[in-house]
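Structural features, examined
One letter stands for each residue in the lines below.
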Amino acid sequence: MTSDVLIIGGGVIGLACAIELKLRGANVTVLCRDFSAAASHAAAGMLASDAENIPNEAMLSLCWRSRALYPEWTAKLEKLTGLSTGYWPCGILAPVYQQPETRTNDQSPAYWLDKSAIELYQPGLGADVIGGWWYPEDGQVDNRALAQVLRNAAQSLGVELKDGIKVEAIAQQQGQVIGVQTNTGLIRAAHYLLAAGAWANELLPLPIRPRKGQMLSLQVPEFLPELPLTRVLFGENIYIVPRRNRSIILGATSEDVGFTPHNTPGGIQSLLQAAIRLYPQLENYPIQELWWGFRPATPDELPILGNSHCPNLTLATGHYRNGILLAPVTATLIADLIWSQTADSLLTNFHYSRFQSQASTTSMLTHSANFTNGNRTNLSTNLSLPSSEFHIQDSGLIIAGKTFRSRLMTGTGKYRSIEEMQRSVVASGCQIVTVAVRRVQTKAAGHEGLAEALDWSKIWMLPNTAGCQTAEDAIRVARLGREMAKLLGQEDNNFVKLEVIPDAKYLLPDPIGTLQAAEQLVKEGFAVLPYINADPMLAKRLEEVGCATVMPLAAPIGSGQGLKTTANIQIIIENANIPVVVDAGIGAPSEASEAMELGADALLINSAIALAQNAPAMAYAMNLATVAGRMAYLAGRMPIKDYASASSPVTGTITA
Ligand SMILES: Cc1cc2nc3c(=O)[nH]c(=O)nc-3n(C[C@H](O)[C@H](O)[C@H](O)COP(=O)(O)OP(=O)(O)OC[C@H]3O[C@@H](n4cnc5c(N)ncnc54)[C@H](O)[C@@H]3O)c2cc1C
Ligand SMILES: CC(=O)[C@@H](O)[C@H](O)COP(=O)(O)O
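For clarity, every value in this text was computed on a predicted model and none was experimentally measured.

1. A word on the site of ligand 2
In the vicinity of ligand 2, the residues found are Thr434, Lys497, Glu499, Ile557, Gly558, Asp583, Ala584, Gly585, Leu604, Ile605, Asn606 and Ser607. Lys497 places a polar side-chain atom, nitrogen or oxygen, 2.5 Å from an oxygen atom of ligand 2. With respect to ligand 2, the side chain of Asp583 contributes an N or O atom lying 3.0 Å from an oxygen atom. Burial of ligand 2 by the surrounding chains reaches 92%, relative to a free accessible area of 350 Å².

Structure, rendered in structure tokens:
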């Protein structure tokens, strides 16, 4: 049975929404790559609407509403499952070392305790604590217990939970989501909810970045029969969250390092130092566990909630530091929106379009896929007719969740002048242009001012690692490329064309180095488009490690030899669940068309355009050839026969 609502992501947000939708009568499926990797497991579980000192009024209202829902919400879940969530309205105490300035948010109920009052209220604080704020309405929940309770509750209500399923792309057609492409095939539903936390940006161009937090827990020693702490301590660069089960959670660092895993000595040391200063007796408590997680951070630190560019896709992500707190209100507002089409007025403050003017790429969200290959489509042929004219639908090229109308990508090298390059890019109708990060950074000949030469609000930059001979080199240059795209206004561009090429004569890529670099870059949150020899096994391995496309070569770069690897490219296309982009070696439009007729999803052509006598005219010809090849592929080629077969009927002919 097709679900009414399919939810991408099984953290607290996805699960809480699933339960509210199910309770309203929807059939719900939750797809989750890895339940245990969610930020929801890594968090501290503070419900800190007041202690967080939130300056944004709408956000403060949202947090207050959610905190107010907590007692009833957790009671409902506990009744459904018979399990405890560890909800504890214990209040939060925020000790300080210096006389505080006036509080930024004076609407929250907070009480100032001077040194003697705070010492009485919470004995054992560090000697240099001079007083503190008491936030009696804040509290905590055991977020791991909560996640488990949510899973059990969802299951008991009949929500279909599918773990280990990775959504690779959200397939869109004519402004609607038509399914999600997963590692197990296409899955369809009537409505879709994106709740993928820090990974949401892999599927849609939303400005969400991971913000890593390292954590650890201690154990209250057995010789202490009573809990020494019974409320959360919210200090400078540290919070100490005592659980009823005698664990004490210490958190958390805040690091902008992408999806870099592991705890580090520096991170843990900073937490321990700050914790011991605040509550010195922790020095002797046994360490229980270390872990880390990734907060889904947006540029303004507010979540993204509500409608998207597609009427059947809703967004609930970017909850940054407060997703555990915000789970119940998110679930209520989103379930009302999807199931009853009731939009709470608060939602307008959290709509994704608030980033539209800053993030050039958000305009990608509004492109509807059509059959023309770019913006300049004043063709005098029938190709300018809409695809519906031919009853052929094309979904557009979808890479890492972004949809592009054009299936031709170009480069910027080898042109005789910047102007010629600019005119050629326009004539090619391409929406993706690859740029060699190293050459731009070093202002190599022909690359001076290149970054500024194109309108990056219209063209998606594909930084490439050309010139890198090792995996390490390519990883470093990829990171520079991401920064370069950011500097040019593409905040959310995580694409990289991965080239690891140790050989200068044939420019053939190193398969092992490419795989190693791809694995690391995928972990760091890049959408990796690796340039490879046409090797079907390697293509599969790269797909398995999470690459966004594969880019097999037709022939060596810049050789213009045309399709020399047809048989292998055919096998790659047959087996791929990600787009196959034929890259390098195409010399003429007929070869471009041929590659598209085979079923390639896109092409990357540079030399054949740049080195043509009239580069813009050749770019235009490649544009037409790419469209023609794609259309021929979709139209279905006639079978090849051994013998002739007359075109006109053989019956009814005049006999002499
Ligand atoms: C160290 C730390 C401390 C924190 N402390 C607090 C706190 O005290 N209080 C508080 O309120 N908040 C806290 N937070 C924030 C809170 O944890 C997050 O805001 C919240 O968990 C976000 O929930 P989510 O469901 O959106 O994302 P997540 O919990 O990250 O879940 C997202 C899920 O989606 C899955 N997924 C992603 N992409 C795909 C895909 N393509 N296909 C299938 N599945 C996919 C992931 O595997 C993951 O399981 C903390 C976070 C961290 C990291
Ligand atoms: C520009 C680029 O990224 C290369 O992969 C290459 O230049 C494309 O090949 P051709 O130049 O042979 O088209």
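So much for the structure itself; the text now carries on.
2. A word on helix H5 (residues 143-157)
With 15 residues, H5 should cover 21 Å at 1.5 Å per step; its first-to-last C-alpha distance of 21 Å lies within 8% of that length. Along H5, the residues classified as buried are Asn143, Leu146, Ala147, Val149, Leu150, Arg151, Ala153 and Ala154. Residues of H5 that are buried make contact with helix H1 (12-23), helix H2 (39-42), helix H3 (57-81), strand S8 (160-163) and helix H7 (323-340). With its phi angle positive at about 100°, Gly158 sits one or two positions after the end of H5.

3. Comments concerning the site of ligand 1
Taken together, 40 residues sit near ligand 1, with Ser40, Val167, Tyr320, Arg321 and Leu325 positioned nearest. Separating a nitrogen atom of ligand 1 from a backbone N or O atom of Arg321 is a distance of 2.8 Å. A distance of 3.4 Å is found between an oxygen atom of ligand 1 and a backbone nitrogen or oxygen belonging to Asn322. Residue assignment for the shell around ligand 1 shows that the elements contributing at least two residues are H1, strand S2 (28-32), H2, strand S13 (209-219), strand S17 (287-297) and H7. Of the residues forming the shell around ligand 1, the biggest block, four residues, is contributed by S17. When residues are assigned to domains, the shell around ligand 1 turns out to be shared by domain 1 (1-86 + 140-206 + 298-353) and domain 2 (92-99 + 108-136 + 209-292), each giving three or more.

4. A few points about the sheet that holds strand S16 (residues 247-251)
An order of S5-S6-S4-S14-S15-S16-S13-S17 is seen for the eight strands of this open sheet, with the pairing classed as mixed. The sheet terminates laterally at strand S5 (111-114) and S17, the two strands that pair on one side only. In this sheet, adjacent strand axes meet at a mean angle of 20° when their direction is disregarded. When strand S4 (residues 92-96) meets strand S14 (residues 232-235), the two strands line up parallel, connected through two bridges. In the sheet register, Leu93 faces S14, and the bridge partner there is Leu233. Sitting on the sheet, helix H6 (residues 265-278) is in contact with S4, S13, S14, strand S15 (238-242), S16 and S17, with an inclination near 55° to S13.

What counts, and at which threshold
- Residue numbers run consecutively from 1 along every chain, following the written order of its sequence.
- Chain letters and ligand numbers both follow the written order, the letters beginning at A and the numbers at 1.
- Predicted model: local features are reported for residues with pLDDT of at least 70 only, side-chain atom pairs are reported and counted for 80 or more only, and whole-chain, interface and lining totals are derived from all residues.
- No hydrogens and no water enter the side-chain calculation; it runs on all heavy atoms of the structure.
- Any residue with a heavy atom lying within 4 Å of a molecule or strand is counted as near it.
- Two N or O atoms count as a polar contact when they lie within 3.5 Å, although within protein this holds only if one can serve as hydrogen donor and the other as acceptor, and sequence-adjacent residues are included solely when both atoms are side-chain atoms.
- Note that accessible areas follow from Shrake-Rupley with a 1.4 Å probe, and for residues the cover is restricted to the protein chains shown.
- Runs of H or I in DSSP of at least four residues are treated as helices and runs of E of at least two as strands, each being numbered from the N terminus.
- Each residue after the first adds 1.5 Å to the expected span of a helix.
- Exposure classes here rest on a 1.4 Å probe applied to the protein chains alone. A residue is buried below 20% of its type maximum, exposed above 50%, and partly exposed in between.
- Residues are treated as being in contact if the distance between any of their heavy atoms lies within 4.5 Å.
- Note that the domain bounds were set by an automatic or database domain assignment.
- In short, DSSP must find at least two bridges between two strands for them to pair.
- Fitted lines through C-alpha atoms serve as axes, helices being fitted only where they are in contact, and the angles separating the N-to-C directions of these axes extend from 0 to 180 degrees.

Interpretation in functional terms is not warranted from these geometric data alone.
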